[in-house]
Each structure stands twice: as structure tokens, then as C-alpha cells.
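The chain contents come next:
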Amino acid sequence: MADVLKIENLHVHVEGKPILRGVNLKLVRGETHALMGPNGSGKSTLGLAIMGHPKYEVVEGAITLNGEDLLERSPDERARSGVFMAFQRPVAIPGVKMADFLRHAATNVRNPDRKEGAELMPMRDFRRELKARMSELKMDVEFARRYVNDGFSGGEMKRAEILQLAMLQPKFAILDETDSGLDADAVRLASESIAEIGGKEMGLLIITHHDKLLEHNPPEFTHVMLGGRIVETGSRELADELHNLGYDRIRATYPDDEVENRTLLDKEKAGV
Ligand SMILES: Nc1ncnc2c1ncn2[C@@H]1O[C@H](COP(=O)(O)OP(=O)(O)O)[C@@H](O)[C@H]1O
Ligand SMILES: [Mg+2]
């Protein structure tokens, strides 16, 4: 049976502020979902809450993987269970080389019970695999010798995330604006790469404002988030509509959602 990642009635607070207000989403491995919505609607918050970022407090609802509670697992355990997120703003880890980072991460994901300090996957196997993936992605092998995201250009950071995705082969991958800061050619390459490294075998949640990233990964479902809720779910055509026409119709159809969230935020700010 296919793996299922399920989000039910998810409410999330960030620093005490309500951000997500009842999100429902079911991802089946092998499906591609696009997640769209205006800035500040809660898309990144959803991803970070799924990954277990400590700042994103789940106050109500459930996140399960094949029926098992993810919420009680640490971020590390969630990654080992096969859930991956490519961050909108990846962090630099100066002093840690891409290759070492990837060898650790790949070993841990493949042997979820590995104890810290236990043996890593054999260097020769790792090198062979890394070289193959990098050549598929048309990346220079030198790249793996650089420190993780340290001084990377926007484009290089996004490529580094895709290389991680290729090496980890997660069950589910959340790609948070993997197109941001990239020029049109780079987005096309990213879209192709995601498809090539086996995106179709994963459950993909692609957060994007641009249709180019979806070109090689056409979504079966498109979700629109507004004010911390998914207000509409449709097919590929919904993504096309929003790319072409923006969010005016969504805002007009669900006028209360964004406003309600803003009002809550304003009240919080005013200390009411
Ligand atoms: N770490 C954080 N600290 C404070 N506020 C946050 C944090 N992360 C998100 N928020 C707030 O939550 C709301 C949703 O943000 P976000 O999930 O980043 O939206 P999107 O990804 O859709 O643009 C925004 O109002 C944002 O300011
Ligand atoms: Mg975001």
C-alpha cells in the first residue's frame, strides 16, 4: 500500500500567535500537490510544522505517517521516517562540507535506527552514488567540497537542496519556493531535475508562485491557502488560473479568512 502523510485540523501557533487555523491535507506517495497562496498565508508554516521546527507549536490537530503519530517524533526522527523539506531560506553550516553532510544524512535516513557515532555508509559507495547524482543534475563535483550553503548564491542553494533530495530519496518532500531567486532557465532546470531524480516516486508538496517549477511535475491537486486555512482544492487548472490571474478571486470569495487572521494578529499585537 502506498505511504500516506495526513494532516488533520492542524492549528499552529508561532510565538503564541495563531497562524494555521485548521489545515486538512492528505498526501499519498506518488502524488504531486501544488500549494499556493499569498505571502503570509501560512505555507512555510505548514511545512515547518510538519518537520517539527520547535518554534511552530501545534496546539490542535494531527500529523500522521501511515497512521503513526509524527507529532511525538523529533525533527531528526521525522527526517529518518522519510519526510524531507527543502527550505525557502536554507541555513549555512560553515565548516561542514556538502559531501560529509550528505553522507551523514543519507546514512541516517537509510538506517533509521543508526546510533550517533555508528558507522557511516561506506565511502566508496557514497562517492559513487554522489558522483552519479551530481552528474545527472549537471553539477560540478567540486561543489560537494564546499561548506553547506556557505556563500552559496541563491541558485546554488536551491541546487544543493535538490541534490539532498536526490541522495535522500524521501517518501515525502516539501519544496518551499525552490524557484525563488532563480532565473527562468534555472527554474526549468530545477523542475527537470526534480522529475529526473524520482520526484514521481515521492509524494511532492510543491510550494510555488510560478508555473515553471510545475512544468515537469504537473500537480494532480492544487491547494490554495489563505489566512492559515486551505480554502480551495482543485486540479492543475486551478494552479494555471492563479498563475495567470493572481489571488483576487480567492480573496473576494473568502473575504473573512485573511481578515480574520489579520484581526487576530492585530489583537495579539495590541495585547488584547
Ligand atoms: N518564525 C516566525 N516568527 C514570527 N512570525 C512568523 C514566523 N514564521 C511565520 N510567521 C508569521 O506567520 C505568518 C505566515 O507566514 P508563512 O508561513 O511564512 O507564510 P507564507 O510561507 O505563506 O508566505 C506570517 O504572518 C508570518 O509573519
Ligand atoms: Mg513561505
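Look a little higher up for the structure.
Residues numbered from 1 in each chain as written. Chains lettered and ligands numbered in written order. Predicted model: local features only at pLDDT ≥ 70, side-chain atom pairs only at ≥ 80, totals over all residues. Heavy atoms only, no water.

(A) Focus on the coordination of the magnesium ion (ligand 2). Taken together, Ser44 (OG) and Gln88 (OE1) make up the protein donors of the magnesium ion (ligand 2), found 2.1 to 2.3 Å from the metal. Within this pair, whereas Ser44 is found in helix 1 (residues 43–51), its partner Gln88 is found in the loop between strand 6 (83–86) and strand 7 (93–97), the two being separated by 44 residues in sequence. Exposure remark for Ser44: the relative accessible area of 21% places this residue in the partly exposed category. (Donors = N, O, S within 2.8 Å, 3.2 Å for Na, K, Ca; no water. Helix = DSSP H or I, 4+ residues; strand = E, 2+ residues; numbered from the N terminus. Buried < 20%, exposed > 50% of the residue type's maximum accessible area, 1.4 Å probe, protein only.)

(B) The arrangement of the site of ligand 1 in detail. The local shell around ligand 1 holds 14 residues, among which Gly40, Lys43, Ser44, Thr45 and Tyr56 are the closest. For ligand 1, an oxygen atom lies 2.9 Å from a polar atom in the backbone of Ser44. Interatomic distance of 2.8 Å between a side-chain N/O atom of Tyr56 and a nitrogen atom of ligand 1. Contact with the protein chains removes 72% of the 560 Å² of surface that ligand 1 exposes when unbound. Of the pockets mapped on this structure, ligand 1 occupies the largest pocket. Within the residue set of the shell around ligand 1, elements represented by two or more residues are strand 2 (17–28) and helix 1. No other element matches the three residues that helix 1 contributes to the shell around ligand 1. By residue class, the composition of the shell around ligand 1 is four nonpolar, six polar and four charged. (Near = heavy atom within 4 Å. Polar contact = N/O pair within 3.5 Å; in protein donor to acceptor, adjacent residues only side chain to side chain. Areas by Shrake-Rupley, 256 points an atom, 1.4 Å probe, with all protein chains shown as cover. 1 Å grid on protein atoms, 1.4 Å probe; cavity = no way out; pocket = protein on both sides within 12 Å on 5 of 7 lines; lining within 4 Å. Sits in = over half its atoms within 2 Å of the grid points. Nonpolar A, V, L, I, M, F, W, Y, C, P; charged D, E, K, R; others polar.)

(C) Geometry of the pattern of salt bridges. On inspection of all chains with the given rule, the structure shows 13 salt bridges. Note that Arg128 is salt-bridged to Asp125, the shortest N-O span being 3.8 Å. Placement of both Arg128 and Asp125 in helix 4 (residues 123–136) is noted, with a separation of three residues, approximately one turn of the helix. Here Arg128 falls in the exposed class, since its relative accessible area comes to 52%. The network of salt bridges with shared partners includes Glu232, Glu241 and Arg249. (Salt bridge = Lys/Arg side-chain N within 4 Å of Asp/Glu carboxyl O.)

(D) Main features of helix 7 (residues 236–245). For helix 7, the set of buried residues is Leu238, Ala239, Leu242 and His243. The arc enclosing the buried residues of helix 7, seen along the axis, measures out at 135°, which places them on a common side. In helix 7, those exposed residues whose orientation departs by more than 90 degrees from the buried face are Glu237, Asn244 and Leu245. (Arc of directions from axis to C-beta.)

(E) Structural detail: the nonpolar core. Met98, Leu130, Leu163 and Leu175 are the most contacted members of the largest nonpolar core, which has 48 residues in total. In terms of residue count, the dominant contributor to this core is helix 5 (residues 154–168) (eight residues). With sequence-adjacent residues up to four places away left out, Leu130 is seen in contact with Ala99, Leu102, Ala144, Leu163 and Met167. Listed in part, the 28 residues of the second largest apolar core include Ile7, Ile63, Ile174 and Ile230. (Core = buried A, V, L, I, M, F, W, Y, C linked by side-chain atoms within 4.5 Å. Contact = heavy atoms within 4.5 Å.)

(F) Just helix 5, in detail. Between its first and last C-alpha, helix 5 extends 21 Å over 15 residues, near the 21 Å set by a 1.5 Å rise per residue. Most of helix 5 sits out of view: eleven of its 15 residues are buried. Listed as buried for helix 5 are Met157, Lys158, Ala160, Glu161, Ile162, Leu163, Gln164, Leu165, Ala166, Met167 and Leu168. Against the buried residues of helix 5 lie strand 6, helix 3 (98–110), helix 4, strand 9 (172–176) and helix 6 (184–196). (Expected span 1.5 Å × (residues − 1).)

(G) Summary view of the sheet that holds strand 2. Strands sit in the order 2-1-4-5 across an open sheet of four strands; the sheet is antiparallel. On the outer flanks of this sheet lie strand 2 and strand 5 (68–69), each paired with one strand and no other. Here helix 1 sits on the sheet in contact with strand 1 (4–14), strand 2 and strand 4 (56–65), set at roughly 110° to strand 1. (Pairing = 2+ DSSP bridges. Axes fitted to C-alpha atoms, helices over the stretch in contact; angles between N-to-C directions.)

(H) Expanded view of the layout of surface pockets. Computed from the structure, the largest pocket encloses a volume of approximately 1200 Å³. In this structure, the largest pocket is lined by 44 residues; those nearest its centre are Leu48, Met51, His53, Met85 and Phe87. Element by element, the count of residues in the lining of the largest pocket is highest for helix 1, at five residues. Looking at the lining of the largest pocket residue by residue, the classes come out as 21 nonpolar, 13 polar and ten charged. Lining the second largest pocket we find 13 residues, and of these Ala99, Arg127, Leu130, Ala144 and Arg145 sit closest to its centre. (Points joined across faces, edges and corners; volume = space filled by probe spheres on them.)

Note that every value here comes from positions in space, so none of it alone points to a role or purpose.
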